[in-house]
Amino acid sequence: MSLNKIAITGTIGSGKSALSAYLLGWDYMVIDADEVGRFLVEPGSDLLKEIDAAFPEGILASDGSLNREKLGEIIFNDEEKRKKLNSIMHPAISKYILKIIEDRKGTIFFEVPLLFENRKALEEEGLTFDEVWLVDADDAVRIERIMARDQISEEYAKQKIASQMPAEEKRALADKIFENSGDLMSLYSQVDEALEEMRGEEI
């Protein structure tokens with residue numbers, strides 16, 4: 001059996017983590033790119049030192065950890081600084097993930113929130129995917145979720161959505177689309193269908 005790499009992505013507030021959690025419940029391996037990134041920038045790490053040097057504005061908290069809120073504010077409306085951060089993070093994340101999956105077989109899922117925005121950079125580092133699963137939801141639902149999750153205003157939630165690739169463009173690039181404007185059981189039912197189809201192809 002060969003290695004089948006499936007990326008899970010989606011619009012902000014769509015429910016990517018809910019889909020990933022369901023797959024974990026079925027004992028599939030799910031690698032969260034954001035979690036890998038958090039691990040790689042733990043206090044004292046070489047990667048965190050590199051990021052600190054690249055942002056003289058100061059992105060460390062008093063305890064030496066990464067001040068994610070401050071860094072987020074710096075790159076949120078500055079495309080060049082966002083590119084600078086990505087040029088540091090993406091190679092490190094890709095290299096670490098490739099090491100994890102080395103010599104593995106079967107199906108592995110990868111939660112990559114900004115896959116389409118950063119796919120070219122990831123592929124240049126050797127991290128490619130056989131299929132892309134997109135989770136999406138209505139704008140109103142996503143805004144409500146983001147506001148509740150991040151404890152922010154409706155205006156800021158809309159700004160976060162506007163800062164990413166439009167949902168329509170992502171839908172056009174995905175291999176499978178999961179609608180998640182309703183309850184979790186509806187999402188799970190769609191995932192069950194996709195898994196059944198996938199298992200049928202593997203036989």
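You'll find the protein chain entered in an unreviewed UniProt entry as Dephospho-CoA kinase, with Aedoeadaptatus nemausensis given as the organism. We quote the UniProt Pathway (unreviewed entry) comment for the protein chain here in full: "Cofactor biosynthesis; coenzyme A biosynthesis; CoA from (R)-pantothenate: step 5/5." The record in UniProt for the protein chain states the following under Subcellular location (unreviewed entry): "Cytoplasm".

Asker: A description of the overall build of the protein chain should follow, citing residues and the corresponding values.
Answerer: The helix and strand tally for the protein chain stands at ten helices and five strands. Here the C-alpha atoms of the protein chain give a radius of gyration of 18 Å, agreeing with the 17 Å that 2.2 N^0.38 yields for 203 residues. If one aligns the C-alpha atoms of the protein chain with their principal axes, the spans along those axes are about 55 × 45 × 30 Å. The proportion of buried residues among the 203 residues of the protein chain is 43%. Of the accessible surface of the protein chain, which amounts to about 11,300 Å², a share of 49% is contributed by carbon and sulfur atoms. Here the protein chain holds 25 positive side-chain charges and 42 negative ones, and the gap between their average locations is 4 Å.

Asker: Can you tell me about the packing of helix α5 (residues 79–100) against helix α6 (residues 115–124), naming the residues and giving the values?
Answerer: Describing two packed helices takes the angle between their axes plus the distance from one axis to the other. Running from amino to carboxyl end, α5 crosses α6 at an angle of 60 degrees, the nearest separation of the two axes being 9 Å. Judged by the inter-axis angle, α5 sits oblique to α6. The handedness of the crossing between α5 and α6 is right-handed. Contacts between α5 and α6 pair Asn-86, His-90 and Ser-94 from the former with Asn-118, Ala-121 and Leu-122 from the latter.

Asker: Let's hear about the pattern of salt bridges: which residues, and what values?
Answerer: All told, the structure shown has twelve salt bridges when counted by the stated rule. Of the charged contacts, one joins Lys-170 and Glu-117 as a salt bridge, the two residues approaching to 3.2 Å between their closest N and O atoms. Pair noted here: Lys-170 is in helix α9 (residues 167–173) and Glu-117 is in helix α6, with a separation of 53 residues, a long-range link. Taken together, the shared-partner salt bridges in this structure form one network comprising Glu-131, Lys-176 and Glu-197.

Asker: Before we move on, could you go through the UniProt feature "binding site: ATP" (unreviewed entry) in the protein chain and cite the residues and values that matter?
Answerer: According to UniProt, the "binding site: ATP" (unreviewed entry) feature falls on Gly-13, Ser-14, Gly-15, Lys-16, Ser-17 and Ala-18. Mapped onto the elements of the fold, Gly-13 is located in the loop between β1 (3–10) and α1 (16–25). Contact partners of Gly-13, with chain neighbours within four places excluded, come to Arg-142, Arg-145, Ile-146 and Arg-149. Mapped onto the fold, Lys-16 is located in helix α1. Its relative accessible area of 11% is what places Lys-16 among the buried residues. When neighbours within four sequence positions are excluded, Lys-16 is seen to be in contact with Ile-8, Thr-9, Gly-10, Thr-11, Glu-111, Pro-113 and Val-135.

The rules behind these values
- Residues numbered from 1 in each chain as written.
- Predicted model: local features only at pLDDT ≥ 70, side-chain atom pairs only at ≥ 80, totals over all residues.
- Heavy atoms only, no water.
- UniProt positions renumbered as here; feature names shortened; annotations may be inferred.
- Helix = DSSP H or I, 4+ residues; strand = E, 2+ residues; numbered from the N terminus.
- Rg over C-alpha atoms; globule rule 2.2 N^0.38 Å.
- Buried < 20%, exposed > 50% of the residue type's maximum accessible area, 1.4 Å probe, protein only.
- Areas by Shrake-Rupley, 256 points an atom, 1.4 Å probe, with all protein chains shown as cover.
- Lys, Arg positive; Asp, Glu negative; His and termini not counted.
- Charge placed at Lys NZ, Arg CZ, Asp CG, Glu CD.
- Axes fitted to C-alpha atoms, helices over the stretch in contact; angles between N-to-C directions.
- Parallel < 35°, antiparallel > 145°, perpendicular 65-115°, else oblique.
- Left-handed = near helix turned anticlockwise from the far one by under 90°.
- Contact = heavy atoms within 4.5 Å.
- Salt bridge = Lys/Arg side-chain N within 4 Å of Asp/Glu carboxyl O.

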